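What follows is each chain in one-letter form.
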Amino acid sequence: MSKFDLYAPLLVAVEGGYQKLPNDSGNYNSRNQLVGTNHGISAPVYEKWIGRVPTEQDMRSITKTVAFEIYKAWYWNKIGASQIKNQSIANIIVDHAVNAGVGASSKLVQKSLNKDFGFNLAVDGMIGEKTRKAINSVDAEKLHESIKTARHHFYLNIGGAFLNVWLNRLSNFVFTEKKKQQRHWWA
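Each value, and the rule that gives it
Residues numbered from 1 in each chain as written. Predicted model: local features only at pLDDT ≥ 70, side-chain atom pairs only at ≥ 80, totals over all residues. Heavy atoms only, no water. Phe/Tyr/Trp six-rings, centres within 6.5 Å; stacked < 30°, edge-to-face > 60°. Helix = DSSP H or I, 4+ residues; strand = E, 2+ residues; numbered from the N terminus. Buried < 20%, exposed > 50% of the residue type's maximum accessible area, 1.4 Å probe, protein only. Lys NZ or Arg CZ within 6 Å of the ring centre and 35° of its normal. Salt bridge = Lys/Arg side-chain N within 4 Å of Asp/Glu carboxyl O. Core = buried A, V, L, I, M, F, W, Y, C linked by side-chain atoms within 4.5 Å. Contact = heavy atoms within 4.5 Å. Polar contact = N/O pair within 3.5 Å; in protein donor to acceptor, adjacent residues only side chain to side chain.

The next point concerns the packing of aromatic side chains. Across all of its chains, the model carries 10 aromatic pairs by this definition. Aromatic side chains F4 and F68 sit 5.9 Å apart centroid to centroid with 90° between the ring planes, which places their arrangement in the edge-to-face category. Of this pair, F4 sits in helix α1 (residues 4-14) while F68 sits in helix α4 (residues 64-79), and the two are 64 residues apart along the sequence. Given the relative accessible area of 7%, F4 is considered buried. Pairwise contacts between aromatic rings join F4, Y7, F68, Y71, Y75 and W76 into one cluster. If you follow R151 out to its NZ or CZ, it ends over the ring of F173, 5.8 Å from the centre.

If you want it as structure tokens, here you go:
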């Protein structure tokens, strides 16, 4: 089964430290104040986490430890990623949840399973037992490619100033658990 600690290094590679970008809606709190993001944690997410409107100083003060607590609780656990057999699959699904939301990630996976593997899953935006069972029952490498292709199209459809950033982020997710090649007696 998959482990959050094996996903965390990929997360560190794609989520930086503090930034304050006026053209990124994730940098604004509920009072529409530009307060920034830190370690990939948006102002709205942090506001829900701390239960009040964050200031710029609050955002600057987010530690990696706190960021990882949020990622594990609100993304990894929400997807039920520890119950996904293949680490590469868990990584790419959870990363899309971090980047686009749990609902968007779940729908993308459900659509991929329906379209490319013949399932008839409800596209409800929740990875529950039926969706996880489907995830764990198919060829992991093919599912990884299906999800990666769907994410690529998702980003192209959004377009905008962050398109290249999103596509670069996606390129970090490769299927690393290749099947071992069968050896012949003469090899």
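Attention shifts here to unusual backbone geometry. Phi is positive for N32, close to 60°, though the residue is something other than glycine. With respect to the helices and strands, N32 occurs in the loop between α1 and α2 (43-50). Overall, N32 belongs to the exposed group, its relative accessible area being 60%.

What the rule picks out here adds up to 7 salt bridges. Where D58 meets R52, a salt bridge forms, and the shortest distance between an N and an O atom there is 2.7 Å. For D95, the salt bridge identified is with R169, shortest N-O distance 2.8 Å. With D95 in helix α5 (residues 87-100) and R169 in helix α9 (residues 163-171), this residue pair connects regions lying 74 residues apart in the sequence. The two residues D95 and R169 agree in class, both being buried. What you see here is one network of salt bridges that share partners, running through E15, D95, R151 and R169.

What follows is about the nonpolar core. In this structure, Y75, I79, I93 and I135 are the most contacted members of the largest nonpolar core, which totals 46 residues. Sorting the residues of this core by element identifies α1, α2, α4, α5, α6 (102-117), α7 (129-137), α8 (140-158) and α9 as the ones contributing at least two each. Top element by residues in this core is α5. It accounts for 7 residues. With residues up to four places along the chain from it excluded, the contact list for Y75 reads V45, I70, V94, A97, V98 and V102.

Let us now look at the side chain of D95. On the accessibility criterion, D95 (0% relative accessible area) is buried. Of note is the side chain of D95, whose polar atom sits 3.2 Å from the side chain of Y7. Excluding residues within four positions of it along the chain, D95 makes contact with Y7, V14, R151, R169 and F173.

Within the secondary structure layout, K115 lies in helix α6. Using a relative accessible area of 70% as the deciding quantity, one classes K115 as exposed.

As far as function goes, none of this settles anything; it's purely spatial.
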